[in-house]
Amino acid sequence: MNLSELTTFHLGGPAPDLTVAGSREELLAFAADNALDPSAPRMPGILLVGGGSNLLIADAGFAGPVGVVATKGVETTELSDTHAQVTAEAGEDWDDFVAGTLAQGLTGLEALSGIPGSVGATPIQNVGAYGTEVAELITSVEVYDRVAGQIRSLSAAELEFGYRTSLLKRAQQAAGTPAHIVLSVTFTLQRGPGSLPVRYAQLASALGVGIGETVPAADVRDAVLALRRSKGMVLDPDDHDTWSAGSFFTNPIVDAEAALPAEAPRFPVTDPLSGAPIPGLTKTSAAWLIERAGFDRGFALPGARASLSTKHTLALTNRGGATTADVLDLARTVVAGVEERFGIVLEPEPTFVGASL
């Protein structure tokens, strides 16, 4: 099988050693088959694929063991009249899971509607959108620790969440391979029709409310899905603007005194758990920087089949027939242009497999 069949970029070469784990037992068997040998100089390289929405895989593919996480199951535990815990197996589709919590009368995840991928990937990246991050709502994550060789439950505090990062992601980056295999994720959600306070200006405008107001959670989901579709951020096999990994670059966090143009967007940087502002730092918009550096929607290099989305400059897309090399060339061009114009080096958000900028 080619990994292009498993990624939203529709990119990636062959995977000669692929296992589909449809149950927790099969996922743990995959882990056992690829266990860490304490005498080995490094951890054996594996690739885990859930929804494939945050992966950019080399055209040469991946020669090592590939585990497709397809585990299913959702369990709800009532904590009180106002709150419940919901635990989902790692292979559950994220947007289906969000819709299911709202159908149960549970709120909190509504602003994260429409994000492609699996539940198990969300804590690794600390997935966030429209003013909400999963770090605020995750109670714990159950993982198979490949170093310790055992199942562990990690609390939100132990996961050390940051902007688009976590202990799980940093451990993977340090090892060059997943150090943990996510088995399930537990969220604490509120019971009732009202959403979390609306925090994102564009979302507030779409809803016709002020920042900090609460509206029916179903209305937030509808508005978020409409906004994401307008940016090509809801998967559609017939729309090549969605043949991407979503936002390709993270919004840069810079010193509050950085020499940004006066008109550049500035957003507070907050602690992902407490929500408290972090002094001395500001976040600016990667999309704004890209556009002001001269890269318009639909920008492409001559002869390449990859381009910026025609709807949103933060997404790099496969126009059909692109290669991973095409995407990397485009990304390098954008990074170099933004650095030359603003002195800021954009950081990619997807996980690269056998590839680098």
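Preceding this section is the structure that the text describes.
Everything numeric in this text was worked out from a predicted model, so none of it was measured.

**Student:** Please clarify how the pattern of salt bridges should be interpreted in this entry.
**Tutor:** Close approach of charged atoms allows side chains of opposite charge to pair. A complete count under the given rule lists 14 salt bridges for this structure. Salt-bridge contacts for E89 lead to R24; the nearest nitrogen and oxygen are separated by 3.2 Å. With a gap of 65 residues between them, E89 in strand β6 (residues 83-89) and R24 in helix α1 (residues 24-33) connect regions that are remote in the sequence. Salt-bridge contacts for R170 lead to E160; the nearest nitrogen and oxygen are separated by 3.3 Å. Linking R170 in helix α4 (residues 167-175) with E160 in the loop between β11 (150-155) and α4, this pair joins segments that are ten residues apart in sequence. Given a relative accessible area of 32%, R170 falls into the partly exposed group. Looking at E160, the relative accessible area reads 44%, which means it is partly exposed.

**Student:** Sorry, what's going on with unusual backbone geometry here?
**Tutor:** Residues other than glycine predominantly adopt negative phi, and peptide bonds predominantly adopt the trans conformation. A positive phi angle, near 50 degrees, is found at Y130, a position not held by glycine. Take Y130: it is sitting in the loop between β8 (128-129) and β9 (132-133). Non-glycine residue E160 carries a positive phi angle of around 50 degrees.

**Student:** Looking at this model, I keep getting lost on the environment of D96. Mind explaining?
**Tutor:** Among the secondary structure elements, D96 is positioned in helix α2 (residues 94-103). Put simply, D96 and P116 are 20 residues apart on the chain and 9.7 Å apart in space, counted from C-alpha to C-alpha.

**Student:** What is the right way to read the sheet that holds strand β4 (residues 66-69) from this model?
**Tutor:** Strand-to-strand pairing in sheets goes through backbone hydrogen bonds, with the strands running parallel or antiparallel. Spatial ordering of the open sheet is given by β1-β4-β2, a layout of three strands whose pairing is parallel. What marks the edges here is a single partner per strand, and that holds for β1 (18-21) and β2 (47-49). Each strand axis lies, on average, 20 degrees off the axis of its neighbour in the sheet, ignoring direction. Summarising the sheet, β2 and β4 pair through three bridges and their orientation is parallel. By the bridge assignment, V49 is partnered in β4 with V68. Packed onto the sheet, α1 meets β1, β2 and β4 and runs at close to 145 degrees relative to β1.

The rules we used
- Residues numbered from 1 in each chain as written.
- Predicted model: local features only at pLDDT ≥ 70, side-chain atom pairs only at ≥ 80, totals over all residues.
- Heavy atoms only, no water.
- Salt bridge = Lys/Arg side-chain N within 4 Å of Asp/Glu carboxyl O.
- Helix = DSSP H or I, 4+ residues; strand = E, 2+ residues; numbered from the N terminus.
- Buried < 20%, exposed > 50% of the residue type's maximum accessible area, 1.4 Å probe, protein only.
- Pairing = 2+ DSSP bridges.
- Axes fitted to C-alpha atoms, helices over the stretch in contact; angles between N-to-C directions.
- Contact = heavy atoms within 4.5 Å.

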